[in-house]
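# Notes for the structure review
Each chain, letter by letter, is given below.
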Amino acid sequence: GSVSSSWSTAANWTNVSGSGSLPPALTDIVQIGTTPFTNHPTISSAVSIKAISFGSVQAATLTIGAGGSLTTTGNIGGNWTADAVHTINTGNQNLTVNGNLTLSNAVNNRSIHLSIGTGTVNITGSLIQKGNAAVIFSGAGALNIGTDFNYTSGTFSAGTGTLTYNGTTDQIVAGVSYNHLSINKTSGVATLNSSL
């Protein structure tokens with residue numbers, strides 16, 4: 001984010017280890033908020049990377065804008081040493097996490113907020129929500145979870161969205177206030193351990 005908000009601009013990125021691609025590519029782990037920056041990143045094309053780790057130096061908002069999508073082959077989470085609240089704003093676009101999406105390390109203000117408009121968020125692993133992390137639907141979007149929704153604390157605002165448990169193994173269903181809750185499994189058991 002040194003010259004613009006464009007994810008696809010090479011000058012906005014710095015290699016910290018190895019010989020990563022600029023901008024990041026499929027085999028790269030992206031660190032956001034681990035060094036000071038000027039412009040928050042916006043994705044406006046199809047982006048595929050390995051993983052994302054948010055840091056503590058500066059709070060960041062990652063926006064998936066018009067024409068954009070983001071796919072990770074691994075996890076999205078944070079590595080905090082101090083307070084920093086980040087946001088992933090998917091808007092009306094698509095986010096696919098082929099791993100876990102961990103929204104906090106259980107310490108308040110060391111968290112990631114997930115904002116969903118009318119787009120779709122697919123998580124093949126688990127959604128882990130702790131601390132004061134937030135999941136906020138601002139439109140009739142979709143959140144699909146393939147493993148567990150491990151909810152401990154934080155804000156879950158269902159809006160007009162739909163949350164679907166669609167994994168093929170046993171899944172834990174979080175006891176949050178849903179708008180539309182869908183269990184759409186070809187195999188495995190969805191287990192609810194608390195009231196809805």
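Residues numbered from 1 in each chain as written. Predicted model: local features only at pLDDT ≥ 70, side-chain atom pairs only at ≥ 80, totals over all residues. Heavy atoms only, no water.

The subject of this paragraph is the pattern of salt bridges. As enumerated under the stated definition, the model contains one salt bridge in all. The closest approach of N and O atoms between Asp 83 and Arg 110, which form a salt bridge, is 3.1 Å. Separated by 27 residues along the polypeptide, Asp 83 in the loop between strand E7 (76–78) and strand E8 (84–91) and Arg 110 in strand E11 (residues 110–116) bring together distant segments of the chain. (Salt bridge = Lys/Arg side-chain N within 4 Å of Asp/Glu carboxyl O. Helix = DSSP H or I, 4+ residues; strand = E, 2+ residues; numbered from the N terminus.)

Across the sheet, which stays open at both edges, the seven strands sit in the order E3-E6-E9-E12-E15-E18-E20 with parallel pairing between neighbours. Edge positions in the open sheet fall to strand E3 (46–49) and strand E20 (180–183), since each of these has one partner strand only. Neighbour-to-neighbour, the strand axes of the sheet open up by a mean angle of 10 degrees, direction not taken into account. In this sheet, strand E12 (residues 120–123) lies alongside strand E9 (residues 94–97) in parallel orientation, the contact comprising four bridges. Directly across from Thr 96, in E12, lies its bridge partner Asn 122. (Pairing = 2+ DSSP bridges. Axes fitted to C-alpha atoms, helices over the stretch in contact; angles between N-to-C directions.)

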